[in-house]
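# Secondary and tertiary structure notes
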Amino acid sequence: MPYLDHNILIACDSKKDRLSFFNYFDNQQASQIFTASDMQQVLEILESEEQVQVLVIEISPRWLKGKAQIEAIHAKQLGIKIVGVFAETIQVDSEAYQTIDAWIDDSYFSPISQNELTARMGLDIKKISQHDVAQAKIVQLDTLVNLLFPVSAYPMFLYDVSDETVCYVNEQILTMTGLTEDKLLNKGYEQLAAYPNNISANQINRIVNERGSATLDFEVKTRLKKRSRLFASLNMQSLYLDGRPYYLGQLQNISQSVFYSQFVKKLKEFQLLDFSSVHIAEDMADLVKWTGVNFFFAVKKSANNYDEVVWDYSQDNMCELFVKAKHEFLIRKLQDANSLEIEHGAHRQIPGDEFVKFYSINSLMVYRCVVDKDSDIMVVAGGNDLLLDWEPTTLLFSELSDHYAKHMAFTALKASHESESQYDVLTGLINRRYIVKTIEQVMLDPKSQEDFKALVFLDLDRFKIINDSLGHDVGDSVLISVANVLKRFIGKHGVAARYAGDEFLIWLDDVEDKESVQKIATQVLQAVAHPIGLDNGSELKITVSMGIAYYPEHAKSVGHLIKNADTALYDAKLKGKNRFSEYTPSQEGESAKQLEEMEKNLSYAIDNNQLDVYFQPKIDAATEDIMGFEALVRWEHPELGIISPGLFIPLAEQTGLIHKIGYLVLHKSCKRLKQWQDEFGLMLNMSVNLSPLQLSDNKLIDRIKQVIKQSAIHPKYLDFEITESEKFEDVGDALKMMRKIVDLGCTLSIDDFGTGHSTLEYIRKIPAKTLKIDQTFVKNIGLSPDDEAILDATIDIAKRVGHKIVAEGVETEEQRHYLAAKGCEYFQGFLFCRPLPSADINEILKQRAVLLSNAG
């Protein structure tokens, strides 16, 4: 051991370099190893009684920086060997390197390679300068190739700089690559790469010449296994051997780390795949190539077998046999686990499957994707010579299959807006689309105009109050009760449908005259009036209003007939509710007068502070604490009582009063928010709804700025909700206005998500941070597996585009637990709090403060 009983002094900033030198000299059984914290301490140690044989010192402005210091070190202790370590921050060109190298005994570049240190220090191999060559301080070439190469655990080669060829390789590099010597010797080192053209040898050589070392990563050429891939990190050091310049190259296998890096990237890519994209075939081909599967397809179940090809991205036409063969074993297995993964010998483990047996399939992955009874898909992948390890392969295809199932559910979500399904989930009546189609088909028959028919538009009286005061569960019970009445009295005369919310349509095509229609309407009114028993033992009495239009007397098209029935309904409402009215042309004028009167009342209400703002808390799902509020406008008429926003907001939009209402709500809610923030020390946020008409107002930004200034709130606490189902007159202008709002520092949310456009393109364009899942989907949790699948897909879509999620209409613990498990960040709903006036919210915040104070 050349350093036995030597004293060593190490002086450099890099902990890694200090440790490398310490470990080396410790293994060489050095007597003492000192370290210094600065140059002054180096000189003090050298002046002590301890004789230091080797000084390892950093070449940098803080440590060794000139020839005068080297001479001073030699003056302290004669015969000391100086090893210089060039700091990473030092830029050294060839000329400066040769100058410094001539002053010291040996030099290295940080960070230190432990293998380089062991090889060069142990064999006394040195990067020497032209001055050293002149002094004949030269290490022999055969010392390196005969002593270091055979014992090295690392694949190594020696590159002759003058000849620009590899001149020596060790056995380890041949074992690693599976190549023979003739494939490597007398060639450039870039020929080690699977893609030599991707390596710029001239650039690498320049770096090695300037810095003394260089490192690069690349895919290595290999003959070990068909289609296998090998990645290595190459470290090159410059040497002088027998007076000639060489590079010593050392390879480190980094295939595993490269693979997992690529795998994570691929996994993210395929989790974001758009199966409806025109590029999906290219993406799937990339997956097949990268994983090495021979087949990858999806088949749909019809009858008892999966025999309808959905898509096929196999290398060969293997899917053809699959759809023809029977798969009892696979189907039975998928009934229980929804997946089957066999790493080895699938053809031996699966009995009686012609597909698996015919192709002697070794590795098989099968996943079942089910959204509803009409979407039962089996995704099948595998082969006989996979490129990846089994665990990451199955993870990749399992995630991809799960993503495809969500894609199907999301497709079902979009299709649900145009669904040909006949029934409404809650009431069991046919839905709006189906009854309209039914009426349209009748009207297409020329003979239909000879028959007498009637359309009845039914609406519950004050249903909004029931929902707000008693909750949506009670509201649903009321709707079901009304639906049951309609089933009882309408069945043999026609068909009833749930039109929207608390509105129903009745198509009577088997009645003789108007008296028959009036009789049915009266029966419905009387039956509905019977009190409904609630779960808590109390009873609720409701009423309905109806408008009747006759076909073909009042209209000959569906749209016109519905409009006239709606006009008659409005007339019934104006006459006191709990009655029916038949359409007459005079109602149009009366309706117009009533609207004009309503407009005057609304304008008066705005100017005389009859409009108030209620606030519904938004709850943090993780802490169950209040994180903000949604501002909701309310109108309490001195004579008519509370008027539903569903009535006066459309009127406000129609008349332009929405701008005044919007400004009023914005002003009141921001002022109240600032008061709560200051009083309770909570950085709450406030959500305010924006009408599409407001987005077309060129004064909107100035109004928002004015409110922010007056209320002194920070813009980041002000959120504007854009209803997804609304359509904008000019989408481009609306988006520009949204971006201006965001530029102010405010945020945007998409409200009622899932009820309108529901496309990735749509939510990507809107610069929103939050999506609010519509309560329509929330209330069917635990009731409809199909709706749950659609809800899951909706949440997945929102997550994939980086949005926070607010779930509206949360009313039960079951809903809360389900949504929390799916990743919803925030909740709104009666389970936590209904919309309340500001005074009540103030009390809640006070109680919260008291509870926290007591807990502290």
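Everything numeric here is computed off the predicted structure, so don't read it as measured data.

What counts, and at which threshold
- Residues numbered from 1 in each chain as written.
- Predicted model: local features only at pLDDT ≥ 70, side-chain atom pairs only at ≥ 80, totals over all residues.
- Heavy atoms only, no water.
- Helix = DSSP H or I, 4+ residues; strand = E, 2+ residues; numbered from the N terminus.
- Buried < 20%, exposed > 50% of the residue type's maximum accessible area, 1.4 Å probe, protein only.
- Contact = heavy atoms within 4.5 Å.
- Areas by Shrake-Rupley, 256 points an atom, 1.4 Å probe, with all protein chains shown as cover.
- Lys, Arg positive; Asp, Glu negative; His and termini not counted.
- Salt bridge = Lys/Arg side-chain N within 4 Å of Asp/Glu carboxyl O.
- Polar contact = N/O pair within 3.5 Å; in protein donor to acceptor, adjacent residues only side chain to side chain.
- Arc of directions from axis to C-beta.
- Pairing = 2+ DSSP bridges.
- Axes fitted to C-alpha atoms, helices over the stretch in contact; angles between N-to-C directions.
- Core = buried A, V, L, I, M, F, W, Y, C linked by side-chain atoms within 4.5 Å.
- Phe/Tyr/Trp six-rings, centres within 6.5 Å; stacked < 30°, edge-to-face > 60°.
- Lys NZ or Arg CZ within 6 Å of the ring centre and 35° of its normal.
- Parallel < 35°, antiparallel > 145°, perpendicular 65-115°, else oblique.
- Nonpolar A, V, L, I, M, F, W, Y, C, P; charged D, E, K, R; others polar.
- Expected span 1.5 Å × (residues − 1).

## Points about the overall build of the protein chain
From N to C terminus, the protein chain includes 32 helices and 33 strands. The buried share among the 856 residues of the protein chain stands at 50%. A separation threshold of at least 6 residues defines the contact pool for the protein chain, and within that pool the share at least 24 residues apart is 64%. Accessible area for the protein chain stands at about 40,800 Å²; split by element, carbon and sulfur atoms hold 48% of it.

## Remarks on the side chain of lysine 618
Relative to the assigned elements, lysine 618 resides in strand β24 (residues 611-620). Within the buried set, lysine 618 has no salt-bridge partner at all; the shortest N-O distance to an opposite charge, 4.6 Å, is to aspartate 719. Within the structure, the side chain of lysine 618 is placed 2.5 Å from the side chain of serine 687, a separation counted as a polar contact. If near-sequence neighbours (up to four positions away) are discounted, lysine 618 is found in contact with Asp625, Ile626, Met627, Gly628, Phe629, Asn685, Ser687, Phe827 and Gln828.

## With respect to helix α31 (residues 813-821)
Along α31, the positions that sit buried rather than exposed are Gln815, Arg816, Tyr818 and Leu819. One face of α31 carries all of its buried residues, which in axial projection span an arc of 170°.

## Things to note about the sheet that holds strand β7 (residues 165-169)
Reading across from one edge, β7-β6-β10-β9-β8 is the order of the 5 strands in this open sheet, with antiparallel pairing throughout. Where the open sheet ends on each side, the last strands, each with one partner, are β7 and β8 (213-220). Across the sheet, the axes of successive neighbouring strands diverge by a mean angle of 30°, strand direction being ignored. Pairing of β8 with strand β9 (residues 230-241) involves 8 bridges; the strand directions are antiparallel. Bridging from a neighbouring strand, alanine 214 pairs with methionine 236 of β9.

## Examining the nonpolar core
Residues Leu718, Phe720, Ile741 and Leu819 are the most contacted members of the largest nonpolar core, which totals 74 residues. Residue contributions to this core peak at 9 residues, all from helix α24 (residues 658-680). Those residues in contact with leucine 819, other than ones at most four positions away along the chain, are Val778, Ile781, Leu791, Ile795, Ala807, Val810, Cys824 and Phe827. Judged by nonpolar contacts, the second largest core, of 36 residues, contains Leu273, Tyr367, Val371 and Leu386.

## Some words on the pattern of salt bridges
Scanning all chains against the criterion turns up 18 salt bridges. A salt bridge links glutamate 320 to lysine 324; its shortest N-O distance comes to 3.4 Å. On the criterion of helical spacing, the pair formed by glutamate 320 and lysine 324 is a turn pair, its members being 4 residues apart in helix α12 (residues 319-324). Judged by its relative accessible area of 61%, lysine 324 is exposed. Taking the shortest distance from any N to any O, the salt bridge between aspartate 697 and arginine 703 comes out at 2.9 Å. The exposure class assigned to aspartate 697 is buried, which follows from its relative accessible area of 12%. Accessibility expressed as a relative area gives 27% for arginine 703, which makes it partly exposed. Three or more residues joined by partner-sharing salt bridges are found here, namely Glu630, Glu721, Lys772 and Glu808.

## Topic: the packing of aromatic side chains
Here the distance between the centres and the angle between the planes together describe a pair of aromatic rings. This structure, assessed with the given rule, holds 26 aromatic pairs. Judged by centre distance (5.4 Å) and plane angle (70°), the ring pair of phenylalanine 457 and tyrosine 499 falls under edge-to-face. Linking phenylalanine 457 in strand β17 (residues 453-460) with tyrosine 499 in strand β18 (residues 494-500), this pair joins segments that are 42 residues apart in sequence. By relative accessible area, phenylalanine 457 is classed as buried at 3%. Over the ring of tyrosine 499 we find arginine 432, and its NZ or CZ is 4.0 Å from the ring centre.

## A few points about the pairing of β18
Looking along a regular strand, one sees side chains alternate from face to face of the sheet. Bridge count for strand β16 (residues 430-431) against β18 is 2 bridges, and the pairing is parallel. For asparagine 431, the partnering residue across the bridge sits in β18 and is arginine 498. Across 6 bridges, β18 lies against strand β19 (residues 503-508) in antiparallel orientation. The residue bridging alanine 500 from the neighbouring strand is glutamate 503, located in β19. The hairpin formed by β18 and β19 contains 2 residues between the paired strands, and glycine 501 there has a positive phi angle of roughly 55°.

## What about the sheet that holds strand β11 (residues 295-302)?
Taken in spatial order, the 5 strands make up an open sheet running β12-β11-β15-β14-β13, and their pairing is antiparallel. With partners counted over all chains shown, the strands left at the sheet margins are β12 (305-312) and β13 (339-342), one partner each. In this sheet, neighbouring strand axes are inclined to one another by 25° on average, regardless of whether the strands run parallel or antiparallel. Here strand β14 (residues 363-370) runs beside strand β15 (residues 376-383); their pairing, made up of 8 bridges, is antiparallel.

## A short note on the packing of helix α17 (residues 432-444) against helix α21 (residues 558-574)
The N-to-C vectors of α17 and α21 enclose an angle of 120°; their axes lie 10 Å apart at closest approach. By the angle class used here, α17 and α21 are oblique. Residues Val436, Ile439, Glu440 and Met443 of α17 touch α21, and the partners they reach there are Val558, Leu561 and Ile562. Per-class residue counts for the contact of α17 with α21 are 6 nonpolar, no polar and 1 charged.

## Structural notes on helix α20 (residues 514-528)
An ideal rise of 1.5 Å per residue puts 21 Å on 15 residues; α20 measures up with 21 Å between its terminal C-alpha atoms. Val517, Ile520, Ala521, Val524, Leu525, Ala527 and Val528 are the residues of α20 that are buried. Of the surrounding secondary structure, the elements contacted by the buried residues of α20 are β17, α19 (472-490), β19, β22 (544-551) and β23 (580-582). Its side-chain oxygen placed 3.3 Å from the backbone nitrogen of glutamate 515, aspartate 513 serves as the N-cap of α20.

Just geometry here; none of it tells us what the structure is for.
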